[in-house]
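Understanding the architecture of this molecule
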Amino acid sequence: MKWIRLLAILTLLISISQPVHAAEKPNTKIYINLWKNQLYLIKNDDVAARYPIAPGSDQTPTPVGHFKVIRKSPDWGGGFGSRWLGLNVPWGKYGIHGTNKPHLVGRSVSSGCVRMKNKDVEELYPKVPVGTPVWIDGPIFGQGDYLYRNLAKGSKGTIVMLVQNRLRAAGLYDGEIDGIYGESTAAAVKKFQREHHLPVTGGIKKKMYRKLGLLE
């Protein structure tokens, strides 16, 4: 299954970018399902609680992959509600937080963060220590009009990280696998396009996803 294969690659990419600690199975985890707009608190491999969420829109998607909580704050103020759980997403500042618009929870409307009702995030907050693993499960290639979105300099996200990995495997890219489409990524894309007799644009469209082996 191509989705399973992509998620396995993504899990490896993010895990190898993190510090290595002694093997230890955490008893607290968070699983976020972007198709169902639900967050699950997992304790000792059992679902301890579930909450509705408001993830990113098609234009500003929530990152997909395996991350962890790296900071906590009792109050970020403004529209971030009453609690903040920051995640170690390489390409930007993303987190799980409350909202001053609880009526939007259940809809995909955020700028990429995971919004919760304040009462729910206040309940979750003390149960989630720094270092808690967070698995965000959802559409890697986007949805709606943004399915198989074109990539170019300035693009960021999960799919950029996968592209960087494929370019590195091909010996064309030696930069950071950080999900940020910068000059070095664009230069590697151009090398790939020349080698495969594609238009040398430095950008990526659906045909090149297939050439890279990211789509069947």
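Now for a description of the structure that goes with this document.

What counts and how
Residues numbered from 1 in each chain as written. Predicted model: local features only at pLDDT ≥ 70, side-chain atom pairs only at ≥ 80, totals over all residues. Heavy atoms only, no water. Helix = DSSP H or I, 4+ residues; strand = E, 2+ residues; numbered from the N terminus. Buried < 20%, exposed > 50% of the residue type's maximum accessible area, 1.4 Å probe, protein only. Contact = heavy atoms within 4.5 Å. Areas by Shrake-Rupley, 256 points an atom, 1.4 Å probe, with all protein chains shown as cover. Expected span 1.5 Å × (residues − 1). Arc of directions from axis to C-beta. Phe/Tyr/Trp six-rings, centres within 6.5 Å; stacked < 30°, edge-to-face > 60°. Lys NZ or Arg CZ within 6 Å of the ring centre and 35° of its normal.

**A few points about the overall build of the protein**
Secondary structure summary: the protein contains five helices and eight strands in total. Burial statistics for the protein: of 216 residues in total, 47% are counted as buried. Across the protein, every contact between residues at least 6 apart in sequence was considered, and the portion connecting residues at least 24 apart equals 55%. Accessible surface, the protein: about 11,000 Å² in total, of which carbon and sulfur atoms supply 52%.

**As for helix H4 (residues 183-195)**
One turn of an α-helix holds 3.6 residues; hence residues three or four places apart share an orientation. In this model H4 runs 19 Å from its N-terminal to its C-terminal C-alpha over 13 residues, within 8% of the 18 Å that 1.5 Å per residue would give. The set of residues buried in H4 consists of Thr 185, Ala 186, Ala 188, Val 189, Phe 192 and Gln 193. Along H4, the residues classed as buried sweep out an arc of 160° about the axis, all on the same side. For H4, the exposed residues set more than 90 degrees away from the buried face come down to Glu 183 and Arg 194. Where the residues of H4 are buried, they touch helix H3 (158-169) and helix H5 (206-211).

**Re the packing of aromatic side chains**
Each pair of aromatic rings is reported with the distance of its centres and the angle of its planes. The tally for this structure, following the rule as stated, stands at four aromatic pairs. Centroid distance Phe 80 to Trp 84: 5.8 Å. Interplanar angle 85°. Geometry classified as edge-to-face. Given a relative accessible area of 1%, Trp 84 falls into the buried group. Three or more aromatic residues joined by ring pairs make a cluster, and in this case those are Tyr 31, Tyr 40 and Trp 135. If you follow Lys 72 out to its NZ or CZ, it ends over the ring of Tyr 125, 4.3 Å from the centre. A cation over a ring is seen here: Arg 83 above Tyr 125, with NZ or CZ 5.4 Å from the ring centre.

**Describing the environment of Ala 186**
Mapped onto the elements of the fold, Ala 186 is located in helix H4. Here the alpha-carbon distance between Ala 186 and Thr 201, two residues 15 residues apart in the chain, equals 8.6 Å.

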